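# Breakdown of the fold
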Amino acid sequence: MYEHGHEYIGTVFVLPETRCFELKTTVHGAPTLVHGTISQQLAARFADGALDAIDPRQVAAQPRRVEVVTREIHERHRAPRKVYCLTRLYDFETQSRSDPAPALA
C-alpha cells in the first residue's frame, strides 16, 4: 500500500452524515471527478456543535483548494485500486458565531 497527499483546486461537495465527498477538478487539462471519504478530524468540523464548525453548504459555493490523500492498494489476485480521503480545506474562513447571519429576502 502506498500513500501520498496531493493538493487540488476545484468544487467540493460534502455529505457530512455519511462522511463522503466529491471533487470536480482538472488534472492535466482534463476534467476529473474524485470521490471518497472525509477524514475523522475534518468530519468533526462539519458537526453542528463544533467550535470551528464549517457549513457544508458553503463549501461548494466556490472552488476551493483542498488536500486529498491517495492510497494505492495492491492486493494479491486483485487489480490495484486507489482510495481517496479528503483531509484538509485550505483558505476557508469560518464566521464567528457572535455575528448575526444576514437575512435573505
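Details of the structure are given in the entry above.
Residues numbered from 1 in each chain as written. Predicted model: local features only at pLDDT ≥ 70, side-chain atom pairs only at ≥ 80, totals over all residues. Heavy atoms only, no water.

### Some points on the overall build of the protein
Summing up its helical and strand segments, the protein has two helices and five strands in all. Mapped in sequence order, the helices and strands of the protein form the string β-β-β-α-α-β-β. The burial tally for the protein puts 27% of its 105 residues in the buried class. For the protein, restricting intrachain contacts to residue pairs at least 6 apart in sequence, the fraction spanning at least 24 positions comes to 51%. Taken as a whole, the protein presents about 7700 Å² of accessible surface, with 51% of it coming from carbon and sulfur. (Helix = DSSP H or I, 4+ residues; strand = E, 2+ residues; numbered from the N terminus. Buried < 20%, exposed > 50% of the residue type's maximum accessible area, 1.4 Å probe, protein only. Contact = heavy atoms within 4.5 Å. Areas by Shrake-Rupley, 256 points an atom, 1.4 Å probe, with all protein chains shown as cover.)

### Overview of the packing of aromatic side chains
Summed over all chains, the structure comprises zero aromatic pairs. If you follow R65 out to its NZ or CZ, it ends over the ring of Y90, 4.0 Å from the centre. (Phe/Tyr/Trp six-rings, centres within 6.5 Å; stacked < 30°, edge-to-face > 60°. Lys NZ or Arg CZ within 6 Å of the ring centre and 35° of its normal.)

### Let's talk about the side chain of T70
Relative to the helices and strands, T70 resides in strand 4 (residues 64-73). According to the relative accessible area criterion, T70 is buried, its value standing at 3%. Apart from residues no more than four positions distant in its own chain, T70 is found in contact with Y2, E3, H4, K82, V83 and Y84.

### Side note on the pattern of salt bridges
One side chain can pair with another of opposite charge once the charged atoms of both are near each other. Scanning the model with the defined rule gives five salt bridges in all. For R57, the salt bridge goes to D55, with nearest N and O atoms at 3.2 Å. For R57, a relative accessible area of 66% gives the class exposed. Judged by its relative accessible area of 28%, D55 falls in the partly exposed class. In this structure, the salt-bridge partner of R78 is E75, at a minimum N-O distance of 3.0 Å. Overall, E75 belongs to the partly exposed group, its relative accessible area being 32%. (Salt bridge = Lys/Arg side-chain N within 4 Å of Asp/Glu carboxyl O.)

### A look at unusual backbone geometry
Here H28, not a glycine, exhibits a phi torsion of approximately 55 degrees, which is positive. Structurally, H28 is set in the loop between strand 2 (20-27) and strand 3 (30-38). Look at H77: it is not a glycine, yet its phi comes out positive at around 65 degrees. Structurally, the position occupied by H77 is in the loop between strand 4 and strand 5 (81-89). According to the relative accessible area criterion, H77 is exposed, its value standing at 79%.

### Describing the pairing of strand 4
Relative to strand 4, strand 1 (residues 2-15) runs antiparallel, the two being bridged by nine bridges. Within strand 4, the residue paired with G5 across the bridge is V69. Across eight bridges, strand 4 lies against strand 5 in antiparallel orientation. Residue pairing across strands places E72 opposite K82, the latter belonging to strand 5. (Pairing = 2+ DSSP bridges.)

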